[in-house]
Amino acid sequence: MLKGILLALSANVLFGAGYYFAVLLRPLESDGIFGFRIVVLMPFILLAIFLFHQQRAFKDLYYRIKQTPYLIFILLLLALNTGIQLWLFLWAPNNGQAIEVSIGYLLLPIVAVALGKIVFKEYFTKLKWWALAFAVIGVSTNIIFTATISWATFVAGFGYPIYIALRRYYQINSLATFFVELVLLLPFALYYIAQVDQATILTQNEYLYFYLALLGLVNGMAFILYIAASNTLPINVLGLLGYAEPLVMLFISFAIGEVLEAKSYILMVCLAVSVGLLTMDSFRGKNVRH
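These figures come from a predicted structure and were not determined experimentally. As a convention, each chain's residues are numbered from 1 in the sequence order in which they are written. Two thresholds apply to this predicted model, a pLDDT of at least 70 for residue-level local features and 80 or more for giving and counting side-chain atom pairs, whereas whole-chain, interface and lining totals are computed over all residues. Heavy atoms from the whole structure form the basis of all side-chain values; hydrogens and water molecules are not counted.

## Considerations on the UniProt feature "transmembrane region" (unreviewed entry) in the protein
- With numbering matched to this structure, UniProt assigns "transmembrane region" (unreviewed entry) to residues 32–52, 72–90, 102–120, 127–145, 178–196, 208–228, 235–256 and 262–280.
- Helix numbers and strand numbers start at the N terminus; a helix is a DSSP run of H or I with at least 4 residues, a strand a run of E with at least 2. Measuring from the first to the last C-alpha atom of residues 102–120 gives 27 Å, for a span that is 100% helix and 0% strand.
- For residues 262–280, the end-to-end C-alpha separation is 28 Å, with 84% helix and 0% strand making up the annotated structure. UniProt positions are given in the numbering used here, feature names are shortened, and annotations may be inferred rather than shown by experiment.

## Side note on the packing of helix α3 (residues 30–51) against helix α5 (residues 71–91)
- For helices, the fitted axis covers only the stretch in contact; all axes are lines through C-alpha atoms, and the angles between them, taken along N-to-C directions, range from 0 to 180 degrees. Look at α3 against α5: their axes get within 9 Å of each other, and the N-to-C directions meet at 125°. In terms of orientation, α3 lies oblique with respect to α5. For α3 against α5, the interelement crossing comes out right-handed. Touching S30, D31, I33, F34, R37 and I38 of α3 are G83, L86, W87, F89, L90 and W91, all from α5.
- Put simply, Ala, Val, Leu, Ile, Met, Phe, Trp, Tyr, Cys and Pro go in the nonpolar bin, Asp, Glu, Lys and Arg in the charged bin, and everything else, Gly too, in the polar bin. Here the residues of the contact of α3 with α5 sort into eight nonpolar, two polar and two charged. What sets the label is the angle itself: under 35 degrees gives roughly parallel, over 145 gives roughly antiparallel, 65 to 115 gives roughly perpendicular, and the rest give oblique. Take the far helix as the reference: if the near one is turned anticlockwise from it by less than a right angle, the crossing is left-handed, and if turned clockwise, right-handed. What makes two residues a contact is simply this: any of their non-hydrogen atoms within 4.5 Å.

## Topic: the nonpolar core
- Y19, L25, L28, L90, V101 and Y105 are the most contacted members of the largest nonpolar core, which totals 29 residues.
- Those elements that place two or more of their residues in this core are α2 (21–24), α3, α5, α6 (98–120), α8 (151–169), α11 (208–230) and α13 (244–255).
- Looking at this core element by element, the count peaks at five residues for α11.
- In this structure Y19 touches F89, L90, A92, P93, Q97, A98, V101, S102, M249, I252 and S253, once residues within four positions along its chain are discounted.
- Ranked by size, the runner-up nonpolar core spans 26 residues in total, among them I45, A48, I74 and F179. To form a nonpolar core, buried Ala, Val, Leu, Ile, Met, Phe, Trp, Tyr and Cys residues must be joined to one another through side-chain atoms within 4.5 Å. Remark: exposure states derive from per-residue accessible area (1.4 Å probe, protein chains only) relative to the maximum for the residue type, with buried under 20%, exposed over 50%, and partly exposed in between.

## A closer look at the packing of aromatic side chains
- Two rings from Phe, Tyr or Trp (for Trp, the six-membered ring) form a pair when their centres are within 6.5 Å of each other. A pair whose planes differ by under 30 degrees is stacked, one over 60 is edge-to-face, and the rest are tilted. Throughout the structure, instances matching the rule amount to 17 aromatic pairs.
- Between F58 and F179 the ring centres are 6.0 Å apart and the planes differ by 85°, which places this aromatic pair in the edge-to-face class. Taken together, the residues F58 in helix α4 (residues 56–67) and F179 in helix α9 (residues 175–194) connect sequence positions 121 residues apart.
- The exposure class of F179 is buried, given its relative accessible area of 13%.
- Arranged with centres 6.5 Å apart and planes meeting at 40°, the rings of W130 and F134 form a pair that is tilted. One end of the pair is W130 and the other is F134, both in helix α7 (residues 126–146) and four residues apart, which spans about a single turn.

Structural data, given as structure tokens:
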């Protein structure tokens, strides 16, 4: 158990630390970062597939598509979401939206719980109902006080739960599917890379290629460690440890000079209460099962 916990924590810290690469890669803009991130991430995901002997998942995906051709459109939709999420992750820190995206990742597990109830008819305990209620209160209050909610928070908070729900619903939730999504995004990645004036950027950031290689390594190691942890830990423990990622992201947001506005305090408190209730519920459920 301890080994699995250390693997999961390491993975989530690496995922969160990846947020800072938007700063390290300056003056490379978000489109260029997106393109390079796809290219440097693909070899490590392919390596992970071979390390964990998941090559057969490619064949399974092929047969699933052959039996159900409209899955091609689902894959295109998944790839679109993946592209947006990978772009947003490194766009936000350079465009004053780092905290908004961090809040979105704190909101993400609450949205996932709600989707689990609506789509998969999962059992809801009283604590989960209370957690969902606090999340709704926090988001509603933020909308009332600010007259809006950041689109970045919405995309980060709702994008991945919908993405995960689609993958699970259509039974294509594998690392091989993720690699296929990256392949579908590759033409766009190469297009954005072609628009980058690398010579000019290198005069301002001589370590550009080193940081790009490091980005691929950090992201790739994060995925490999996470897969290893998922084969060791119960799902509820793995999910709880996932909160390390947005916590690291929030610290990075503060470190690069962003400030949390007072009107967002209620949202943060409500989300913290929601997360706390979900944590209590998960541990209570674990104790009941054992």
